[in-house]
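Read off the chains here:
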Amino acid sequence: MEEPSPSLDQEAILLLFPHLAKGAMPPPSSSSFQGYRDGDCSSSCGRKGRYKVSLFPGLSEKENEYCLLSVSCSLLWLSFPTQTLQAGHSDFRRIFVLGIGFFTLCFLMTSLGGQFSAKRLGDSPFTIRTEVMGALESRGVLRRMSDMLELLMKRMDILARLENGTDFHKGNEALFPLDRLQPAAGLMERIQAIAQNVSDIAIKVDQILRNSLMNAKMGDGRRDQCEVPRDPKYPDCAGKVEWMRARWTSDPCYAFFGVDGTECSFLIYLSEVEWFCPPLPWRNQTAAPSPPPLPRAQAAFRSDLAPLLELVGTGKESLSFMKKRIRHLAQQWLRAARRLEQKLKGRQGDQKHILIHIGFLTEESGDVFSPRVLKGGPLGEMVQWADILAALFLLGHSLKVTVSLKELQSNLGVPPGRGNCPLTNPLPFDLIYTDYHGLQQMKQHMGLSFKKYRCRVRVIDTFGTEPAYNHEEYATLRGFRTNWGYWNLHPSQFMTMFPHTPDNSFMGFVSEELNQTERQRIKSSKVSSMAVVYGKEASIWKLQGKEKFLTILNKYMEIHGTVYYETQRPPEVPAFVKNHGLLPQHEFQQLLRKAKLFIGFGFPYEGPAPLEAIANGCVFLQARFNPPHSSLNHEFFRGKPTSREVSSQHPYAEDFIGKPHVWTVDYNNSEEFEAAIKTILRTQVDPYLPYEYTCEGMLERIHAYIQHQDFCTMPSPPPPAKAQSPAMQSPPSPLALSPNATHLVWSPSARRDPHAWPPADSLQVWLSEGQHACTETCRRHGLVCEPTFFRFLNKKEVFLQLSITCDSTEYEMNHLYPAVAENVHECYLQKEPLLFSCAGHNTKYRRLCPCRDYREGQVALCRDCL
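Anyway, here's the lowdown on the structure attached to this text. Sequence order as written defines residue numbering, which begins from 1 separately in each chain. Note on the predicted model: pLDDT of at least 70 is required for a residue's local features to be given, and 80 or more for side-chain atom pairs to be given and counted; whole-chain, interface and lining totals, by contrast, use all residues. Think of the side-chain values as coming from all heavy atoms in the structure, minus any hydrogens and water.

### A word on the nonpolar core
Thinking step 1. Counting residues in hydrophobic clusters, the biggest one holds 85 residues, and the most contacted among them are Met322, Trp333, Tyr433 and Phe598.
Thinking step 2. Numbering of helices and strands runs from the N terminus; a helix is a DSSP stretch of H or I covering at least four residues, while a strand is a stretch of E covering at least two. In terms of residue count, the dominant contributor to this core is helix H14 (residues 380-394) (eleven residues).
Thinking step 3. What makes two residues a contact is simply this: any of their non-hydrogen atoms within 4.5 Å. With residues near it in sequence (within four places) discarded, Trp333 still touches Leu305, Asp387, Ala390, Ala391, Leu394, Val510, Cys695, Met698 and Leu699.
Thinking step 4. Only buried Ala, Val, Leu, Ile, Met, Phe, Trp, Tyr and Cys residues count toward a nonpolar core, and they belong to the same one when joined by side-chain atoms within 4.5 Å. When a residue's accessible area, from a 1.4 Å probe over protein chains only, is under 20% of the maximum for its type it is buried; when over 50% it is exposed; and in between it is partly exposed. Counting residues in each nonpolar core, the second largest holds 31 residues, with Phe549, Leu621, Tyr667 and Phe673 among its members.

Right, dumping it as structure tokens:
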């Protein structure tokens, strides 16, 4: 059977796009035309997936759909027989006019798209991109489009002759009054003129592309003759060029930076945008001298928080919560800022440009917190972020706040594409405060710039990240599995809610302070028999074993709850508990000011509420965990980048506050629990708030971090050597044995670096017991572990000063080193500075521990650190 000849629209499509299989586009039918009559061109023109091919090289899939729609609508009009046109379908012309307009747009986009700088992705369906075709392919498509326009012009001649007929407009005048349109002959002349102009443009663009290619070859002289340089200083160059050959089209950002598929464009990119290849000698390397940097403005304390509220923005319940908190504490913040300003006596330092990107509030991360703000969800992270914003702003720094990925990309200067290329300009921020979600987003979109600028990042990290989980190679080799680690940051770049991990920096938050009048009023209004349960989510009340100790508590006290519930589904709380429902913050504060006891069920861990309760004159009663909870035995901690063992619901309250404000008991021991309740009823306590959780304490701490922490120019210890000649012996140790010969201190005769922070003379070196980490060792001596000082301990001479015999000394990667295995007289020094860690212990080793003193009420700072 003879194969039917292709229709006009098929011929035209195959002429334009010969890579389509013959017969791929069936001839139009009456049903397909009915789709156009009903205003649904998409039903037959490819918008619903009929042709899933890229007809217009260099345009996105969405752009190809629009262009295919315009071409198909135009071709459909051309394919109708003369009899159909004579029947009076004047709406065909309108379909065609629309189609030719879109077709012209697609033509211009396809031919000129590569000549323009790309816009940010996602601006519109017709965003001009730079991932376009090469010159030869472009000219070929232009020729096909020119041929297509000639076909259109021929078909218009037929229509123009039909227009002269007397019966052409009959039948559809009522539906499409012709007085809305210009006269038919005039319309056809205009369409023909447009088509002729576009055809002329095709010829001109073809000439431009030819000249551009010739000029590029002549101008560079070696444009397609580049050879990969063999330079031992750039060992990865050849491999990166090979990768670019195969993958340069995988991300539009490469075309944005001028990569066009030629060998020379690869080398230009890899030497001038990235840094894997040496500069090309034939490239013009002379750049205009950059103007000298402008003098830094001095940071000045601010006296008004209203502009900060504008910076925070709107649109999310979480942002509304944070702004309410800032407004509520505004006067306390302002008073604290004035006090610190007087304390610093003008030593404020330079103003920093700071980006604050709250990643967990972005839509891309799921933003699970905002919908739960009004339903009893966790507020600890938002409390902390609100306080960080207030502190940074009052300290006088310039802030940008983002809660969306698009804003992050815009502020960083991310090039269009999928995130494989560096930033378009140097990073405009001195510091970036973000969280783990934001850190991941930055890594995905900054390309190599992330590695370059990651030293400026500060990660707000509630539970902390220990060095063993942070070092990617070590964690992988030793099995420290985590969902959040492997970042290879300096451990002090992680900033925690409580000072439980000395390897990290303690950021904290603030609790509301009471003046003397409020303190007296609270003491006089306390109801000694009233207890409030810690926890707003109904799931907390489902913990097993609570009935036993609640029954004991109910014998002595009236129990109140603040559990969120919906009217049709009341929470499962015992009948003797008076549930107030979820309370606004100020009403919750009033409840705490009446209550005698604030009791925890063991969860949530380490939240801000216990400190608020203690600050309002409550006693906090919590459960002791035996064995301690950790990633090894508790689901909540599994996957978190820490091996820390949590001995109670709130270890900070247990270790740093303690009795009479905090009682930690075994809830499974009824006698111990009941005895604690009786003692608490007889005990009078005053409201108490540690200084480090006041507004002034947090301002003081953040100011010190900003002025002194610099992870981009960190001092590094000398590289380890297996053997040293006498002429290369290391300098004498700056440490000296203490008068009682129990530990080492900084020698009075040793040179002190005035820029070192913390000051080295606050250092004490102690030898741990086998079952103790350095964190515990320092605490037992009334000190805190300071990992910055490990570099002074990581020497064989330190073992000798402590009278430790070392039959052998080895450098290895181990988060417990420097340490000694006393039973075999083997000493170990740390090979990888990122693994210096206060955390971790092993009965095999006694560790060398760097300890320091601290300011009263401010464990993050040594006595001379401010």
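### Details of the packing of helix H13 (residues 330-344) against helix H26 (residues 695-708)
Thinking step 1. Remark: H13 packs on H26, axes separated minimally by 8 Å, with the N-to-C direction vectors making an angle of 50 degrees. Considered as vectors, H13 and H26 are oriented oblique to each other. Classified by chirality, the crossing of H26 by H13 is right-handed. Together, Gln332, Trp333, Ala336, Ala337, Arg339, Leu340, Lys343 and Leu344 of H13 and Cys695, Glu696, Met698, Leu699, Glu700 and His703 of H26 make up the contact between the two elements.
Thinking step 2. Just so you know the grouping, Ala, Val, Leu, Ile, Met, Phe, Trp, Tyr, Cys and Pro go in nonpolar, Asp, Glu, Lys and Arg go in charged, and all remaining residues, Gly too, go in polar. Considering only residue class, the contact of H13 with H26 consists of eight nonpolar, two polar and four charged. All axes here are fitted lines through C-alpha atoms, helices being fitted over the stretch that makes contact, and every angle between N-to-C directions spans 0 to 180 degrees. For classification purposes, an angle smaller than 35 degrees is called roughly parallel, one larger than 145 roughly antiparallel, one from 65 to 115 roughly perpendicular, and anything else oblique. Crossing handedness: left-handed means the near helix sits turned counterclockwise from the far one by under a right angle, and right-handed means the same turn made clockwise.

### Quick look at the side chain of His703
Thinking step 1. In this fold, His703 is placed in helix H26.
Thinking step 2. Of the residues examined, His703 reaches a relative accessible area of 5% and is grouped as buried.
Thinking step 3. The residues contacting His703, other than those within four sequence positions of it, are Leu344, Arg347, Gln348, Leu395 and Leu866.

### Observations regarding the state of the cysteines
Thinking step 1. A pair of sulfur atoms, both from cysteines and within 2.5 Å, is called a disulfide here. Applying the stated criterion across every chain, the model contains nine disulfides.
Thinking step 2. Between the sulfur of Cys226 and that of Cys264 lies a disulfide, 1.8 Å long from S to S. Residues Cys226 and Cys264 share a disulfide whose torsion about the S-S bond is about 100 degrees; that sign makes it right-handed. Of this pair, Cys226 sits in the loop between helix H7 (184-220) and helix H8 (237-247) while Cys264 sits in helix H10 (residues 263-273), and the two are 38 residues apart along the sequence. The burial state of Cys226 is the same as that of Cys264; both residues are buried.
Thinking step 3. One disulfide bridge connects Cys785 with Cys838, the sulfur atoms lying 2.0 Å from each other. One quick way to see it: the torsion about the S-S bond of Cys785 and Cys838 is about -80 degrees, and its sign makes the bridge left-handed. Within this pair, whereas Cys785 is found in strand E17 (residues 784-785), its partner Cys838 is found in the loop between strand E20 (826-830) and strand E21 (846-852), the two being separated by 53 residues in sequence.

### So, the pairing of strand E11 (residues 619-629)
Thinking step 1. Note: two strands are recorded as paired if DSSP finds a minimum of 2 bridges between them. Looking at chain direction, strand E10 (residues 595-600) and E11 are connected through three bridges and run parallel. Along E11, the bridge assignment pairs Ile599 with Leu621.
Thinking step 2. Relative to strand E13 (residues 662-665), E11 runs parallel, the two sharing four bridges. In the strand pairing of E13, Leu621 is matched with Trp663.
Thinking step 3. With two bridges connecting them, E11 and strand E12 (residues 646-648) associate as antiparallel partners. Bridged to His629 within E12 is Val646.

### Looking at the pattern of salt bridges
Thinking step 1. Salt bridge, as used here, is a side-chain nitrogen of Lys or Arg placed within 4 Å of a carboxyl oxygen of Asp or Glu. Evaluated as defined, the whole model comprises 24 salt bridges.
Thinking step 2. With its nearest N and O atoms 3.1 Å apart, the salt bridge here joins Glu696 to Lys343. Linking Glu696 in helix H26 with Lys343 in helix H13, this pair joins segments that are 353 residues apart in sequence.
Thinking step 3. Classification of Glu696 by relative accessible area gives buried; the value is 10%.
Thinking step 4. A relative accessible area of 31% means that Lys343 is categorised as partly exposed.
Thinking step 5. Three or more residues are tied together by salt bridges with common partners; here these are Arg339, Lys343, Glu696, Glu700 and Arg855.

### Some points on the packing of aromatic side chains
Thinking step 1. When two rings of Phe, Tyr or Trp (its six-membered ring) have centres within 6.5 Å they constitute a pair, described as stacked for plane angles under 30 degrees, edge-to-face for angles over 60, and tilted for the intermediate range. Evaluated as defined, the whole model comprises 39 aromatic pairs.
Thinking step 2. Measuring from ring centre to ring centre gives 5.9 Å for Trp243 and Tyr254, while their planes differ by 65 degrees; the resulting arrangement is edge-to-face. Taken together, the residues span a long stretch of sequence, with Trp243 in helix H8 and Tyr254 in helix H9 (residues 252-256) at a distance of eleven residues.
Thinking step 3. Judged by centre distance (5.9 Å) and plane angle (35 degrees), the rings of Tyr436 and Phe494 are tilted.

### What about the environment of Ser768?
Thinking step 1. Among the secondary structure elements, Ser768 is positioned in the loop between strand E16 (763-767) and helix H27 (774-780).
Thinking step 2. With 79 residues separating them along the chain, Ser768 and Arg847 place their C-alpha atoms 5.2 Å apart.
Thinking step 3. Polar contact criterion, stated in full: a pair of N or O atoms within 3.5 Å, where within protein one must be able to donate a hydrogen and the other to accept it, and residues adjacent in sequence count only if both atoms are side-chain atoms. A distance of 2.8 Å separates a polar side-chain atom of Ser768 from the backbone nitrogen of Arg847.

### Re the packing of H13 against H14
Thinking step 1. Running from N to C, H13 and H14 point in directions that differ by 40 degrees, and their axes come no closer than 11 Å. One element, H13, and the other, H14, form an angle in the oblique class. Like other packed secondary-structure pairs, H13 and H14 cross with a definite hand, here right-handed. Judged by residue contacts, Trp333, Leu334 and Ala337 of H13 engage Asp387, Ala390, Ala391 and Leu394 from H14.
Thinking step 2. Looking at the contact of H13 with H14, its residues break down into six nonpolar, no polar and one charged.

### A few points about the pairing of E21
Thinking step 1. Most of E21 is tucked away: six of the seven residues are buried.
Thinking step 2. Examined bridge by bridge, E16 and E21 share five bridges and lie antiparallel to one another. Counterpart to Leu763 in the pairing with E21 is Arg852.
Thinking step 3. Sheet topology places E17 next to E21; two bridges connect them, and they run antiparallel. Along E21, the bridge assignment pairs Val784 with Arg852.

### Considering the side chain of Lys640
Thinking step 1. Structurally, the position occupied by Lys640 is in the loop between E11 and E12.
Thinking step 2. Residues scored as charged are limited to Lys and Arg (positive) and Asp and Glu (negative), so that His and the chain ends carry no count. In this structure Lys640 is buried but unpaired, with Glu381 as the nearest side chain of opposite charge at 8.7 Å.

### With respect to unusual backbone geometry
Thinking step 1. Cis geometry is found at the peptide bond from Phe603 to Pro604, where omega equals 5 degrees.
Thinking step 2. Along the chain, Pro604 turns up in the loop between E10 and helix H23 (609-615).
Thinking step 3. In this structure, Pro627 follows Asn626 across a cis peptide bond, with omega equal to 5 degrees.
Thinking step 4. Relative to the elements of secondary structure, Pro627 occurs in strand E11.

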